[in-house]
Amino acid sequence: MTDIFFYIFATAALAGALGVVFSRNTVNGAMCLIGTFLSMASLFVLLEAYFLAVIQVLVYAGAVMVLFLFIIMLLDVKESAAKKTSIYTWAASLIGFGILVTGVVAISASESIKNKAPTMPEASGTSLKAFGYELFTTYLLPMQVTGFLLLIAMIGVIVLSKKVNTE
Amino acid sequence: MDVNPVILKFVYAAIVVSVIMGLCSYAVLAERKISSWIQGRVGPNRTSLPLIGGIPIIGRFLTRLGIFQPIPDGLKFLFKEDVVPAHVNKFYFIMAPVIALVPALTTVVVVPFGRFVTEAGEVIPLVLANVNVGLLFLFAISSLGVYGVVLAGWSSNSKYPFLGGIRASAQMISYELAMGVSVLPILIWVNAPGREGTLNLFDIAQAQNGFWFAMWMPVSAIIFLVCLFAETNRLPFDMAESETELVSGFHTEYSSFKFGLFFVGEYAHMVVGSCVFTLLFLGGWNPMPFVTLEALGFGEGILGAVLSVGIFLGKMCGMMFFFMWIRWTLPRFRYDQVMKLGWKILLPLSIANLVVYTIFIFYLDTKL
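We now turn to the structure provided with this report. These figures come from a predicted structure and were not determined experimentally.

Turning to the overall build of chain A, a few remarks are in order. Assigned secondary structure in chain A consists of seven helices and zero strands. Written out in order from the N terminus, the α and β elements of chain A read α-α-α-α-α-α-α. Residues counted as buried form 17% of the 167 residues belonging to chain A. Pairs at least 24 residues apart make up 51% of the contacts formed inside chain A by residues separated by at least 6 positions.

Within chain B one finds 15 helices and two strands. In terms of overall dimensions, chain B is globule-like: its C-alpha atoms have a radius of gyration of 22 Å, near the 21 Å expected for 368 residues. Along the first, second and third principal axes, the C-alpha set of chain B runs to 65 × 55 × 50 Å. In chain B, the proportion of contacts linking residues at least 24 apart, taken out of those at least 6 apart, comes to 76%.

This next bit is on unusual backbone geometry. All names here are of chain B. If you check the backbone angles, Asn233 has positive phi at about 60° while not being a glycine. Within the secondary structure layout, Asn233 lies in the loop between helix H11 (218-231) and helix H12 (243-246). Its identity as a non-glycine residue notwithstanding, Ser256 has a phi of 55°, on the positive side. Residue class for Ser256 comes out partly exposed when judged on the 16 C-beta atoms lying within 10 Å of it.

This next bit is on the interface of chain B and chain A. You'll often see interface size given as the accessible area lost when the parts meet. Chain B puts 23 residues into the contact, and the matching count from chain A is 19 residues. Going through the elements one at a time, helix H5 (134-143), helix H6 (146-155) and helix H7 (159-182) of chain B are the ones with two or more residues in the side of chain B that touches chain A. A per-element tally of the side of chain B that touches chain A places H7(B) first, with seven residues. Its residues assigned to classes, the side of chain B that touches chain A shows 15 nonpolar, six polar and two charged.

Residue and element names in this part refer to chain A. Two elements in contact, helix H1 (residues 2-22) and helix H2 (residues 26-46), have axes whose closest approach is 8 Å; the angle formed by their N-to-C orientations is 155°. Comparing the axis directions of H1 and H2 gives the class roughly antiparallel. Note on packing geometry: the crossing formed by H1 with H2 is left-handed. Note on element contacts: H2 touches H1 through Asn28, Gly29, Cys32, Leu33, Gly35, Thr36, Ser39, Met40, Ser42, Leu43 and Leu46, opposite Thr2, Phe5, Phe6, Phe9, Ala10, Ala12, Ala13, Gly16, Ala17, Gly19 and Val20. Across the contact of H1 with H2, the residue classes break down as 13 nonpolar, nine polar and no charged.

Take the packing of H7(B) against helix H15 (residues 335-367) of chain B next. Residues and elements named next belong to chain B. Interaxial distance between H7 and H15 falls to 8 Å at its minimum, and their mutual angle equals 15°. Classified by the angle between their axes, H7 and H15 sit roughly parallel to one another. Between H7 and H15 the crossing geometry is left-handed. In contact with Arg167, Gln171, Ser174, Tyr175, Leu177, Ala178, Val181 and Ser182 of H7, H15 contributes Tyr335, Val338, Met339, Gly342, Trp343, Leu346, Leu347, Ser350, Ile351, Asn353 and Leu354. In terms of residue class, the contact of H7 with H15 is made up of twelve nonpolar, six polar and one charged.

Calculation notes
- Residues numbered from 1 in each chain as written.
- Chains lettered and ligands numbered in written order.
- Predicted model: local features only at pLDDT ≥ 70, side-chain atom pairs only at ≥ 80, totals over all residues.
- Helix = DSSP H or I, 4+ residues; strand = E, 2+ residues; numbered from the N terminus.
- Buried ≥ 20, exposed ≤ 12 C-beta atoms within 10 Å, placed from the backbone.
- Contact = placed C-beta atoms within 7 Å.
- Rg over C-alpha atoms; globule rule 2.2 N^0.38 Å.
- Nonpolar A, V, L, I, M, F, W, Y, C, P; charged D, E, K, R; others polar.
- Axes fitted to C-alpha atoms, helices over the stretch in contact; angles between N-to-C directions.
- Parallel < 35°, antiparallel > 145°, perpendicular 65-115°, else oblique.
- Left-handed = near helix turned anticlockwise from the far one by under 90°.

Listed below in C-alpha cells is the structure:
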C-alpha cells in the first residue's frame, strides 16, 4: 500500500519538477512547482515525518509560492520566446547532469541501500517534542546560521531595492 | 458487526461533509435574513414547499422564516446558463472554483466536534483524523485556499478580476503571519513542561476546563479574530471582491455553478474558521468557564457526546452570527488601511503579546 502511494507521489513530484523546467508560461511553471511541493509533503507523510510535511505545505506551498504568483502577476511576465542556448549553459548543464548521474549510481550501488533496515528508525520529526529538542540542542548552530543567513538576505533586499540618495 | 475501517472512514467523511454543506446553505439563508433584519427589511419570506407549506400555522411560520429558501437558491446555481467567456484561460478558469472549495472541506478533517466518554472514563474525540499536528495542518491547508482566488483573477484575463486576485494574495500573506504568531501563547500554555508536545485541536479544547483562552488571552483572541476575517475574505476585509471598486472582483467573469462553488467555498471557510475560533478561544464543548459537562453530570455515554456536539455547534453558530453581524455593520476598509493594519499594528502587537505571555507563563511555571 505504502509502496503504491510512494510511486504515485514520487512520479507526481518528478512530473511537476519537469513541468517547472519545461513550461514556457510562468504561471504554469509556478503551479507545477506547487504540485511538486505538495507531492514532496506527501512523501514526508509516508515517512511518518508529519511535522515536516505540514511545514512544507505551510511555508512553501502556502506562503512562498503565493508570493511567487503575486510577483509573476504584478510584473505581468509574458510567455518567453525560445532563446538560443549559450555554450556556457550547455557546459553547465552537462556537468550538472554528470554529477547527478554519478550521485544516483553511487547511492544505488552502495551496500547500505540494499540491506533493508530491520526496523524503521524513528525520524526526529515524528514527535513535535523530539523535533523541538533536537532543533534547539543538537542542531542549534545550523539553525542559528540559517537564521542569520535569512537576516542577511533580508537586509540585502532592502539595500538593493531602496533608492539611495547620494547627496 | 465488523465493517472495514477504511469504508467506515469514508462514511464518516461523507456525513461530516454533508453536514458542512448543509450548514453552508443555511448560512446563506441566515446571512440574507440577518442582513434584512439589520436593514429593517423582512428578507426571504415567500418560498414554500407544496405539502409542508400547506400545514396551517407551522407551514406559514416556516415559509415566513424562509426555511425553504436554500433549495431554490441551490437549484438556481445549477440550472442557470454557464457562460465561459472566450478570452479566459480555460484550464485554470475551471480549476479555480474547485481549488477554492477543496481546501475548505479538507480542513474539516482535523476539526473535532465533540467528545465521547466511555464507561471506563476514556475520552474519545469525535474527529475524522486525530492528528498530532492538527492546528498546523489546518493552517497549512487553509493557506492553499488563496490559490482559488488568485487563479480565478488571473485566468479571467480581464482587469477587475486580476486586481482582485493580486489583492487577495497580498492580503493573505500579510495576515497569515499575525494569525500564526497570535496562537503561539496558547500552544506554549498547552505544552507545559512535563507534557507530551501537541498541536492537537482536541487537546487544546480539553485544556480549557477552567479559564477559556479568550478570557485570559484576550489580545490573542482579538488578533486571531481580525485575521480570521481577513483570511476568509469577509467584510470589512473583502478586498478581493470589493464591488464598489472592482465590479465583483475575482469572480466577475464567473456564472452559474462555478460562481456557486466560490460562494459555498466562502461559507465553508467561515464555518471552519468559526469552529477553530471556538476550539482555540471559546472553550470548545465546555458549557461555561469552570463548568465542564462532567461536572454537570453529563459526562459519560451517548447523551454526553450529543450534548458536547450540540454545545460546540451552538457556539459555532454564534460565531457565524458574529461574522454576519460585523459584515452588515462595518464599512469596508480602504486597501492601504488593510495593509497598514496588518503589518504595522497586528504583527507588532502579536509579537509583543507573544513575548509578554512567554515571560508570564515562564514565571507561572517556575516560581509558583
